[in-house]
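This is what each chain is made of:
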Amino acid sequence: MTTKIAVIGAGLMGADHAGIVAQDMPGATLQVICDKDAGRAQSVADAYGAGDVDTDPEAVIARDDVDAVIVASPDFTHAPLSKACIAAGKRVLCEKPLSQSSAECLEVIEAERRAGSRYVMLGFMRRYDQSYAEMRQALASGMLGRPLMMHNFHRNIETPAADFTAAMAITNSAPHEFDVARHVLGTEYTTITAHEPRRSDRLVAPVVMVLETADGQLVTIEINNNAAYGYDVRAELVGEAGSVSINNVAYTRTDVKQTSATRYDADWRGRYHEAYVRQNREFLRFAETGAFPEIASDCWDGYCAAVVAEAGVKALASGTRQAVQIIGKPEFYE
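Structural notes, computed from the coordinates. (Residues numbered from 1 in each chain as written. Predicted model: local features only at pLDDT ≥ 70, side-chain atom pairs only at ≥ 80, totals over all residues. Heavy atoms only, no water.)

1. Re the overall build of the chain
The helix and strand inventory of the chain stands at 11 helices and 15 strands. Counting only C-alpha atoms, the chain reaches 55 × 55 × 45 Å along its principal axes. Among the 334 residues that make up the chain, the fraction classed as buried is 51%. A sequence separation of at least 24 residues applies to 71% of the contacts in the chain between residues at least 6 apart. Taken as a whole, the chain presents about 15,200 Å² of accessible surface, with 49% of it coming from carbon and sulfur. (Helix = DSSP H or I, 4+ residues; strand = E, 2+ residues; numbered from the N terminus. Buried < 20%, exposed > 50% of the residue type's maximum accessible area, 1.4 Å probe, protein only. Contact = heavy atoms within 4.5 Å. Areas by Shrake-Rupley, 256 points an atom, 1.4 Å probe, with all protein chains shown as cover.)

Rendered as structure tokens:
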């Protein structure tokens, strides 16, 4: 017996998920590729041996030959398709964000609560990255002492679209940092400020955020979507007794003509491939057993990220510190 998985969305993320299901998930079958563009769906299906293609995501979710679903379609579809999976009683791995609207996240939370079980695993895959796992382990061991600060930077070569804005850096790029810092520190945010330096051109400038936590720590986050030199994500956790830093992952170094150099990836896909594999294998176990994975993110985590992003956008626009107002955590997610 295998778990038959449908992948909704046949863009970069959907194709990568399809490849992981087909090649790295023993016990799973790539059953359906679904995309509004039938030709794109067929291309991904042919590449990874999917059993079928479709263009109607809700029809795919309802199919008897689909046991579980991976949602990698555009952001605005995430919450509606997650609710459709809950209604169908099927576990879903939904790419982040659950929604950019905290109110819509609460709708999905209510749907799960009414269903009486967790069905949605959210794709904050950095929780499965080895570097963050070691950082969290170092903190838990006590070797760093009390945590004081966590510094994060997230740099891309260029913005993904011509209409990309500084606000989108907060709502689209920063949620990974919002979530993984919460995960490492084990606390919630209380306030956020956001600042933007001035570039010499018309490109979107970096956004730098400072967040305060309920435990009295500071979290800094730099999002630079026009860094030019490469994809580069690193972090440092500073405690009273020491610090631990995430290094750029480079497998080789070139020494030639009096120069030593390492390379950067062009995007996130190589850097976090192993994290995606680990995450997706955990999702398969979730689909098989119904037991929610210990370190995975859920709808509550998606809601928290959306609230922080909303406050961050207000902070950037106003130039003032904004409160991060998160409701009490439902017992359902304890």
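There's plenty left to go through after this.
2. Concerning the sheet that holds strand 10 (residues 218-224)
With mixed pairing, the seven strands of this open sheet are ordered in space as 12-11-7-10-9-8-15. Strands at the two margins of the open sheet, each flanked by one partner only, are strand 12 (243-245) and strand 15 (322-323). The pairing of strand 7 (residues 147-155) with strand 11 (residues 232-239) spans eight bridges and is antiparallel. Following the sheet pairing, Pro147 is matched in strand 11 by Gly239. Running over the sheet, helix 6 (residues 130-141) touches strand 7, strand 11 and strand 12 and is turned about 0 degrees from strand 11. Across the sheet, helix 11 (residues 299-318) touches strand 8 (189-195), strand 9 (207-213) and strand 15, and the angle it forms with strand 8 is around 40 degrees. (Pairing = 2+ DSSP bridges. Axes fitted to C-alpha atoms, helices over the stretch in contact; angles between N-to-C directions.)

3. Concerning the sheet that holds strand 3 (residues 52-54)
Note on sheets: strands pair through backbone hydrogen bonds, and any given pair is parallel or antiparallel. Spatial strand order, 3-2-1-4-5-6: six strands in an open sheet with parallel pairing. Here the strands that pair on one side only, and so sit at the sheet edges, are strand 3 and strand 6 (120-123). Neighbouring strand axes in the sheet, compared pairwise and without regard to direction, differ in orientation by 25 degrees on average. Direction of pairing for strand 5 (residues 91-95) relative to strand 6: parallel, over a ladder of four bridges. Bridge pairing in strand 6 places Leu93 opposite Met121. Where helix 2 (residues 38-48) meets the sheet, it contacts strand 2 (28-34) and strand 3, and its direction lies at approximately 160 degrees from that of strand 2. Helix-sheet contacts for helix 10 (residues 273-289) involve strand 1 (3-8), strand 2, strand 4 (68-71), strand 5 and strand 6, and the interaxial angle to strand 5 is about 155 degrees.

4. A short note on the side chain of Gln279
Mapped onto the elements, Gln279 comes out in helix 10. The residues touching Gln279, leaving out its near neighbours within four places in the chain, are His17, Leu93, Met121, Leu122, Gly123, Phe124, Met125 and Tyr128.

5. As for the pairing of strand 9
Looking down a regular strand, the side chains alternate between one sheet face and the other. Across the two faces of strand 9 the burial differs, with Val207, Met209, Leu211 and Thr213 buried and Val208, Val210 and Glu212 not buried at all. Bridge count between strand 8 and strand 9: six bridges; the pairing is antiparallel. Following the sheet pairing, Tyr189 is matched in strand 9 by Thr213. Both strand 9 and strand 10 contribute to a ladder of six bridges, which runs antiparallel. Residue pairing for strand 10: Leu211 is matched across the bridge by Val219. Count of turn residues in the strand 9/strand 10 antiparallel hairpin: four residues, of which Gly216 carries a positive phi of about 80 degrees.

6. Considering the pattern of salt bridges
With the rule as written, the count across this model stands at 24 salt bridges. Glu212 is the partner of Arg321 in a salt bridge, and the nearest nitrogen-oxygen pair spans 3.5 Å. With Arg321 in the loop between helix 11 and strand 15 and Glu212 in strand 9, the pair connects residues that are 109 residues apart, well separated along the chain. Here Glu212 falls in the partly exposed class, since its relative accessible area comes to 26%. (Salt bridge = Lys/Arg side-chain N within 4 Å of Asp/Glu carboxyl O.)

7. Digging into the packing of helix 5 (residues 102-115) against helix 11
For the pair helix 5 and helix 11, interaxial distance at closest approach is 9 Å and the crossing angle is 170 degrees. As judged from the angle between their axes, helix 5 and helix 11 are roughly antiparallel. The crossing of helix 5 and helix 11 is left-handed. Contact with helix 5, carried on its side by Ser102, Cys105, Leu106, Val108, Ile109 and Glu112, involves Cys299, Trp300, Gly302, Tyr303, Ala306, Val307 and Glu310 of helix 11 and no other residues of that element. (Parallel < 35°, antiparallel > 145°, perpendicular 65-115°, else oblique. Left-handed = near helix turned anticlockwise from the far one by under 90°.)

8. Topic: helix 7 (residues 166-173)
In an α-helix, one full turn covers 3.6 residues, which means residues spaced three or four apart are oriented alike. Inspection of helix 7 places Ala166, Ala169, Ile170, Thr171 and Ser173 among the buried residues, and these make up the whole buried set. Those residues of helix 7 hidden inside the fold are in contact with strand 7, helix 8 (175-185), strand 8, strand 9, strand 10 and helix 11.

9. So, the packing of aromatic side chains
Summed over all chains, the structure comprises five aromatic pairs. Centroid distance Phe286 to Phe292: 5.2 Å. Interplanar angle 80 degrees. Geometry classified as edge-to-face. Here Phe286 matches Phe292 in class, with each residue buried. Taking 5.0 Å as the distance between ring centres and 80 degrees as the angle between the ring planes, the aromatic pair formed by Phe332 and Tyr333 counts as edge-to-face. Site record: aromatic cluster; members linked through ring pairs are Phe283, Phe286 and Phe292. Of note, Arg118 hangs over the ring of Phe292, and the distance from its end group to the ring centre comes to 4.2 Å. Directly above the ring of Tyr272 sits Arg271, whose terminal nitrogen or CZ lies 4.5 Å from the centroid. (Phe/Tyr/Trp six-rings, centres within 6.5 Å; stacked < 30°, edge-to-face > 60°. Lys NZ or Arg CZ within 6 Å of the ring centre and 35° of its normal.)

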